[in-house]
Amino acid sequence: MVCWRQGHYRLFSNTGGVSASAAVAASIRTIVVRFADAVPAADTAAYRDRMFYRRQPQNAAFGRGVRRNFLRQRNEQELTLAAAVVTCGNQTNSPIIDYSLTLEGSENKLSRNPRQWRLVDIITAAFFAVVLLFFILLFTPLRDSMAASGRQTLLISTASDPRQRQRLVTLVESGHHLQPIEYCPADAVAHMPCEDPKRNSQLSREMNFYRERHCPLPEETPLCLIPPPNGYKISVPWPESLHKIWHANMPYNKIADRKGHQGWMKREGEYFIFPGGGTMFPGGAGQYIEKLSQYIPLKGGTLRTALDMGCGVASFGGTLLSQGILALSFAPRDSHKSQIQFALERGVPAFVAMLGTRRLPFPASSFDLMHCSRCLIPFTAYNATYFVEVDRLLRPGGYLVISGPPVQWPKQDKEWADLQAVARALCYELIAVDGNTVIWKKPVGDSCLSSQNEFGLELCDESVPPSDAWYYKLKKCVTRPSSVKGEIALGTIPKWPERLSKVPSRAIVMKNGFEADARRWARRVAYYRDSLNLELKPPAVRNIMDMNALFGGFAAALASDPVWVMNVIPSRKQLTLDVIYDRGLIGVYHDWCEPFSTYPRTYDFIHLSGIESLTSKSRCSLVDLMVEMDRILRPEGKVLIRDTPEVLDKVARMAHAVRWSSSIHDKEPESHGREKILVATKPLWRMPSNSH
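Residues numbered from 1 in each chain as written. Predicted model: local features only at pLDDT ≥ 70, side-chain atom pairs only at ≥ 80, totals over all residues. Heavy atoms only, no water.

Glancing now at the overall build of the protein chain. Of the regular secondary structure elements, the protein chain holds 20 helices and 24 strands. A burial count over the protein chain gives 53% of its 692 residues as buried. Sequence separation of 24 or more characterises 69% of the internal contacts of the protein chain that already satisfy a separation of 6 or more. On the protein chain, roughly 31,800 Å² of surface is accessible, and the fraction owed to carbon and sulfur atoms is 53%. (Helix = DSSP H or I, 4+ residues; strand = E, 2+ residues; numbered from the N terminus. Buried < 20%, exposed > 50% of the residue type's maximum accessible area, 1.4 Å probe, protein only. Contact = heavy atoms within 4.5 Å. Areas by Shrake-Rupley, 256 points an atom, 1.4 Å probe, with all protein chains shown as cover.)

Okay, structure coming up:
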């Protein structure tokens, strides 16, 4: 139907007011022409031609199509005109003459043959859809969002499906995984797999079991690379880092807000500043150490190794370095938010640990000095189990310092009395009680322990190994100093630095191997510096790890430089960590099929001799080990690996997967065997902005 009013007309079907194209698709068989004014019946045909064909309709394409069809068929069809007065649109009061134009014939091509989709049309439409999608993904943020979503889906699948994860590990090991391993989510910047608060919070609180190491199996962890925090900068070099670090590298304000008045740390602009204070020494660790030096020989090399328990941000250990004392600080991952990470960012030796249900990962008689400044360790609880563990670690003739509760502390008289009673039972010599600080000295012999003591303490029998400490349950018996073979007491071992090069008595059965090892590493370190052009001192390097240290020869060769080395002794190899401590160096036991107890981005240089020997086909893979190495290595940090050419070829393929750049070099000329050396650098890469 064509409805004409005020010089215009529209098409309608005889079934309702729908568009002209819809009317055609519905097989229009009748065209009704409506006029707003009376139309002379005698001039119907002329009027039809003039008005219907010659005037431009609103839908031009449709009008042209109707016009062509009508001209083609006008001589073949009989036109019947019927007039009637109707109303048009919503003007019900206007009399109108309704002329129906009926197209007669068996079929009308216009109504019977609407346009059909052909194969070429479908292909063309699909092509343009693909092009449009390509440009959307290329030039809009949707690309990164979809990519991030896909990565997270993959990470979730590798963690939830061990077979999927194993397939990825196999591809990386074989070199068939051409793309780098994906990065972890942005909220994983401080992730420690074995000290995960969410995971461990479900465990028992008894003896702080939930705050100890609890590692997931490799197949339960996503295979991904820990990203740096937004705005991360290359660390402030040593020794400036002892006093200030970048806030962006560790944007955690909790300690500064709560402990700033005690001199722990404070924020100044883009830095955290460390005045050197602590809860028990708000005036600074320097003044506190001066007080201790009145009672303890802190100078002169008598004391070399120290353990700072519950260390805070390690200002005590950092200040002791000026006295030639190498202090290893530890604390759990707790509500203070990353205190150990602050210590390591400052360049102070530290790691995450908790004195709970297990021995600390050190051999017997390791430390010349043990220190607790408001560490809140309940030394007399559980039949003095924690004091007994401290006694195991303290070298005969060594010093124990406890500051803060319960030493002469208000409302803790009983706890203070119990602490003194335990010390007396173990025959410790009371050196001084100065305010809230007590100093004891451990006896050299083991014949003093009375069979009658209020804590029921007894000497351990010979079946209890004194130096086994990897996942070893705490014992309530006291370690006999005589069970540790050799001359280990202070006063019988050489002073520092002579003790570094003298064969320790605990290595006497390996004397020839020890001396050869010392010469070998002096030669190797010289080659690293002179031929490989490696910087092994500040400003490039401060925190170093030797993942397979044996006697600590690599660390000993660096002793004259202002660096420190964490010497790691694999728990399934020969336990030589006691020799390392006798030399005046520090380290821990560890199983490299598990993540290390440190925060991400805490070491500048990682050294490893014999990487394949640290893994087990049935327990872990080289891929897992290298992902863990990447976690603890700082951006722009370096890795040096010594092994056979075949192993290093595999390592080089995996280095690409963890985004390292690497090169393989010949070993030093004086060394025998088939070893080669791989040197790799970790770049500073950042996550896309929409992933934060």
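Our focus in this paragraph is the side chain of Asp517. Examined against the element boundaries, Asp517 turns out to sit in helix α16 (residues 511-530). A residue is classified by how much of its surface remains accessible, and Asp517, at 2% relative accessible area, is buried. Those residues in contact with Asp517, other than ones at most four positions away along the chain, are Leu550, Phe551 and Gly553.

Quick look at the state of the cysteines now. Counting across every chain of the model gives five disulfides. Each disulfide pairs two cysteine sulfurs, and for Cys460 the partner residue is Cys477, the sulfurs being separated by 2.0 Å. Taking the sign of the S-S torsion, 90° for the link of Cys460 and Cys477, the bridge is right-handed. Here Cys460, found in the loop between β16 (458-459) and β17 (477-478), pairs with Cys477, found in strand β17; they are 17 residues apart in sequence, far enough to count as distant. You'll find Cys460 and Cys477 in the same group, each marked buried. (Disulfide = S-S within 2.5 Å.)

Turning to the pattern of salt bridges, a few remarks are in order. Taken as a whole and assessed by the stated rule, the structure comprises 27 salt bridges. Here the salt bridges do not stand alone but share partners, grouping Asp368, Arg395, Arg499, Arg506 and Asp582 into one network. (Salt bridge = Lys/Arg side-chain N within 4 Å of Asp/Glu carboxyl O.)

Take the packing of aromatic side chains next. Across all of its chains, the model carries 23 aromatic pairs by this definition. An angle of 55° between the planes, with centres 5.7 Å apart, marks the rings of Trp564 and Tyr603 as tilted. Separated by 39 residues along the polypeptide, Trp564 in strand β19 (residues 564-570) and Tyr603 in strand β21 (residues 603-609) bring together distant segments of the chain. Each member of the pair, Trp564 as well as Tyr603, is classed as buried. (Phe/Tyr/Trp six-rings, centres within 6.5 Å; stacked < 30°, edge-to-face > 60°.)

This brings us to the environment of Met250. Along the chain, Met250 turns up in the loop between β6 (244-246) and α9 (254-259). For Met250, a relative accessible area of 0% puts it in the buried group. Considered as a pair, Met250 and Val189 are 61 residues apart in the sequence and their alpha carbons are 9.5 Å apart. Contacts of Met250, omitting those with residues within four sequence positions, involve Ile245, Phe272, Ser338, Gln341, Phe342 and Glu345.

With that out of the way, let us pick up empty space enclosed by the protein. Using the criterion set out here, one finds seven cavities of 30 Å³ or more in the structure. Size it by volume and the largest cavity reaches roughly 250 Å³. Surrounding the largest cavity, 20 residues form its lining, Arg213, Ala353, Pro361, Trp470 and Ser597 being those nearest its centre. Elements with a contribution of two residues or more to the lining of the largest cavity: β11 (350-352) and β20 (587-590). Counting residues per element, the lining of the largest cavity draws most heavily on β20, at three residues. The residue makeup of the lining of the largest cavity, split by class, is twelve nonpolar, two polar and six charged. (1 Å grid on protein atoms, 1.4 Å probe; cavity = no way out; pocket = protein on both sides within 12 Å on 5 of 7 lines; lining within 4 Å. Points joined across faces, edges and corners; volume = space filled by probe spheres on them. Nonpolar A, V, L, I, M, F, W, Y, C, P; charged D, E, K, R; others polar.)

The predicted model of the protein chain has a mean per-residue pLDDT of 82, with 78% of residues at 70 or higher. Throughout residues 143-157 the model reports pLDDT below 50, and contacts reaching past four residues in sequence, or to other chains, amount to 23 contacts. (pLDDT = per-residue confidence, 0-100.)

What follows deals with the sheet that holds strand β13 (residues 394-403). Taken in spatial order, the seven strands line up as β11-β10-β9-β12-β13-β15-β14 in an open sheet, and their pairing is mixed. Of all the strands in the sheet, just β11 and β14 (429-434) have a single pairing partner and so form its edges. Here the average twist between neighbouring strands, direction ignored, is 15°. In this fold helix α13 (residues 381-393) packs onto β9 (305-309), β12 (367-373), β13 and β15 (437-441), with an angle of close to 135° to the strand it touches most, β13. (Pairing = 2+ DSSP bridges. Axes fitted to C-alpha atoms, helices over the stretch in contact; angles between N-to-C directions.)

With that out of the way, let us pick up the sheet that holds β21. With respect to topology, seven strands assemble into an open sheet ordered β20-β19-β18-β21-β22-β24-β23, the strand pairing being mixed. Because the sheet does not close on itself, it has two edges, and the strands there are β20 and β23 (661-666). For this sheet the average axis-to-axis angle between neighbouring strands, irrespective of direction, equals 20°. Here β21 runs beside strand β22 (residues 633-643); their pairing, made up of six bridges, is parallel. Of the residues in β22, the one forming a bridge with Ser609 is Arg642. Its contacts with the sheet place helix α19 (residues 622-632) against β18 (543-546), β21 and β22, and it is angled at close to 140° to β22. Most of the contacts of helix α20 (residues 645-657) go to strand β24 (residues 676-681), to which it runs at about 10°, and overall it touches β22, β23 and β24.

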